[in-house]
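Tertiary structure, described
Given next are the chains, with one letter for each unit.
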Amino acid sequence: MSDGPELVVAGAGISGLALAAGLARAGSSYRVRLLDERPALGSTGGAITLWPAALAALDRIGTGADVRAAGHPVGAGTVRTNSGRTLRTLDHDRTTAALGEAPVAVRRGALVEILHARVAPGTVTFDAAVRGYERTDGGVRVLTSTAPIAARALVGADGYRSRVARALHPGLAERYAGYPAWRGLTRAAGLDAVQLWGAHQEFGVVPLGDDVAYWFATVREPAEGAADDELAHLAAAFRGWPDPVARVLAGTDPDAVSRNDVMDRQPLRRWRDGPVVVIGDAAHPMRPHLGQGGGQALVDAALLASLLADAGSPEEAFAAFEARRRRTTGRVVRASRAAARAVDAPAAVHRLSALVPDALLLRALAAIGGSRS
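For the structure given in this document, a descriptive report is provided here. (Residues numbered from 1 in each chain as written. Predicted model: local features only at pLDDT ≥ 70, side-chain atom pairs only at ≥ 80, totals over all residues. Heavy atoms only, no water.)

**Some remarks on the pattern of salt bridges**
Should their charged atoms come close, side chains of opposite charge can pair. If you walk through the whole model with that rule in mind, you get 23 salt bridges. Residues R152 and E315 are paired through a salt bridge, measuring 2.9 Å at the closest nitrogen-oxygen approach. Here the residue R152 occupies a position in the loop between β11 (149-151) and β12 (153-156), and E315 occupies one in helix α10 (residues 314-344), the gap between them amounting to 163 residues. The class for E315 is partly exposed, based on a relative accessible area of 27%. Residue R259 pairs with D261 through a salt bridge whose shortest N-O separation is 2.9 Å. For R259, a relative accessible area of 17% translates into the label buried. (Salt bridge = Lys/Arg side-chain N within 4 Å of Asp/Glu carboxyl O. Helix = DSSP H or I, 4+ residues; strand = E, 2+ residues; numbered from the N terminus. Buried < 20%, exposed > 50% of the residue type's maximum accessible area, 1.4 Å probe, protein only.)

**Some words on the packing of helix α9 (residues 293-310) against α10**
Relative orientation and spacing of two packed helices are given, respectively, by the angle between their axes and the distance between those axes. Two elements in contact, α9 and α10, have axes whose closest approach is 9 Å; the angle formed by their N-to-C orientations is 155 degrees. Classified by the angle their axes make, α9 and α10 are roughly antiparallel. Seen from above, α9 lies across α10 with right-handed handedness. Facing α9, whose interface residues are Q296, V299, D300, L303, L304, L307 and L308, α10 presents P314, A317, F318, A320, F321, R324, R325, T329 and V332. Classifying every residue of the contact of α9 with α10 gives 11 nonpolar, 2 polar and 3 charged. (Axes fitted to C-alpha atoms, helices over the stretch in contact; angles between N-to-C directions. Parallel < 35°, antiparallel > 145°, perpendicular 65-115°, else oblique. Left-handed = near helix turned anticlockwise from the far one by under 90°. Contact = heavy atoms within 4.5 Å. Nonpolar A, V, L, I, M, F, W, Y, C, P; charged D, E, K, R; others polar.)

**Focus on the side chain of S28**
Along the polypeptide, S28 turns up in the loop between α1 (14-25) and β2 (31-35). Side-chain polar atoms of S28 contact the backbone nitrogen of Y30, separated by 3.1 Å. (Polar contact = N/O pair within 3.5 Å; in protein donor to acceptor, adjacent residues only side chain to side chain.)

**Brief notes about the side chain of S162**
You can see S162 is positioned in the loop between β12 and α6 (163-168). For S162, a relative accessible area of 0% puts it in the buried group. A distance of 3.2 Å separates a polar atom in the side chain of S162 from the backbone nitrogen of V164. Apart from residues no more than four positions distant in its own chain, S162 is found in contact with V278 and A282.

**Notes on the sheet that holds strand β13 (residues 174-187)**
Read from one edge to the other, the open sheet built from 7 strands follows the order β6-β5-β14-β15-β16-β13-β17, with strand pairing classed as mixed. In the strand order of this sheet, the two ends are held by β6 (86-89) and β17 (258-265), each with one partner. Between one strand axis and the next, the sheet turns through 20 degrees on average, direction left out of account. When strand β5 (residues 78-81) meets strand β14 (residues 194-198), the two strands line up parallel, connected through 4 bridges. Within β14, the position partnered with T81 by the bridge is W197. Each of β13, β15 (201-209), β16 (212-219) and β17 touches helix α7 (residues 230-237); the most contacted strand, β16, lies at about 70 degrees to it. Of the strands in this sheet, β13, β14, β15 and β17 are in contact with α10, which crosses β14 at around 60 degrees. (Pairing = 2+ DSSP bridges.)

**Remarks on α10**
With 31 residues, α10 should reach 45 Å at 1.5 Å per residue; the first-to-last C-alpha distance of 42 Å fits that figure. Within α10, the axis deviates most sharply at R325, by approximately 35 degrees. (Expected span 1.5 Å × (residues − 1). Bend = angle between axes of the 7 residues up to and from the residue.)

**Describing the packing of aromatic side chains**
Counted according to the given criterion, the structure contains 4 aromatic pairs. A centroid spacing of 5.3 Å and a plane angle of 75 degrees characterise the contact between F203 and F238, whose relative ring orientation is edge-to-face. Pair noted here: F203 is in strand β15 and F238 is in the loop between α7 and α8 (245-250), with a separation of 35 residues, a long-range link. On the basis of relative accessibility, which here comes to 0%, the residue F203 falls in the buried class. Overall, F238 belongs to the buried group, its relative accessible area being 3%. For the ring pair F238 and W241, a centre distance of 4.8 Å and an interplane angle of 80 degrees mean the geometry is edge-to-face. Owing to a relative accessible area of 10%, W241 belongs among the buried residues under this scheme. (Phe/Tyr/Trp six-rings, centres within 6.5 Å; stacked < 30°, edge-to-face > 60°.)

**Looking at unusual backbone geometry**
Looking along the chain, the bond that leaves D243 and enters P244 is cis, with omega of 15 degrees. You can see P244 is positioned in the loop between α7 and α8.

**Topic: the pairing of strand β10 (residues 139-144)**
Here strand β9 (residues 130-136) runs beside β10; their pairing, made up of 6 bridges, is antiparallel. Considered in β10, the bridge of G132 is made with L143. Connecting the antiparallel pair β9 and β10 is a turn made up of 2 residues. In this sheet, β11 lies alongside β10 in antiparallel orientation, the contact comprising 3 bridges. Paired with V142 across the two strands is I149, which belongs to β11. Counting the residues that bridge the hairpin from β10 to β11 gives 4 residues.

**Quick look at the pairing of strand β7 (residues 104-107)**
Taken together, the 4 bridges between strand β3 (residues 47-50) and β7 define a ladder with antiparallel strand orientation. Paired with T49 across the bridge in β7 is A105.

Below, the structure written as structure tokens:
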């Protein structure tokens, strides 16, 4: 490990690990220390779809080939209504050409393991939650669940519930979006990528290869609910929907279903405070409908690693990072909310969405997650 100044990263999730991997690849002089409140990385369930912008970021930190090998290319897929009507089927070749390459679906656990393998042993400290920070003359005093740590700089990569973001912006407000998001893995043959829209409901399937797929679902209902059997709850909510919904739920392990309330958080007035910055969901949480949260976090991490390696100080790198990423991520946050409104719209609006030309839709998608976005 380098003998340079210490850089503390709050959170050893996708963005924190990717930042550490990028700094290691760049030969950075920083001693990187990741603090995570969990007892171990463990198995992060479910999967993630990585669009070309995220894959390009992984290439920059030296893990793109490994992630592509562990994942499964995603076909263009189909959007249908809950009555079975097809709204749109994008051509795979046209979609790939517009985006720069095909997106890749990969298990979250595999992605985390690949990133973790690229950081030096001992970089991650578990059972150490970051609670906040205090500015000092030499950098920052990181307040943790154990003991304070003196560091040159602090990166908040601690997700939507970020304590670093809340120290930057006390009283940060949030609002329930009106529905939870469920996710799970299923084993079922012959699955293709598909999204199905109904009245205030959505169900999506993305194949992972070898007759395994991950799925996601939303249903408008009160916050903080928890069914005794989430899978049975979903089976009832989606009863009568067309194939493959029932088949996907039937092939799912009930213990492997996750449920999270979707929240809209007040935008941060600033992402940085001298030697402190936030990235990923800590900086710009977004609704899940475009599948961009994890991918945009990877883009953040790759860029910040490059800036830290080249800049004269963390403050200089953090200022450049915010200047380059705030507008782009703001556009993706707004697009994700627009996608949520489309899903939540009446059936008549769903039918009208089919009138949008493919070329226009592909341009919009390329601007959000394409290789040149």
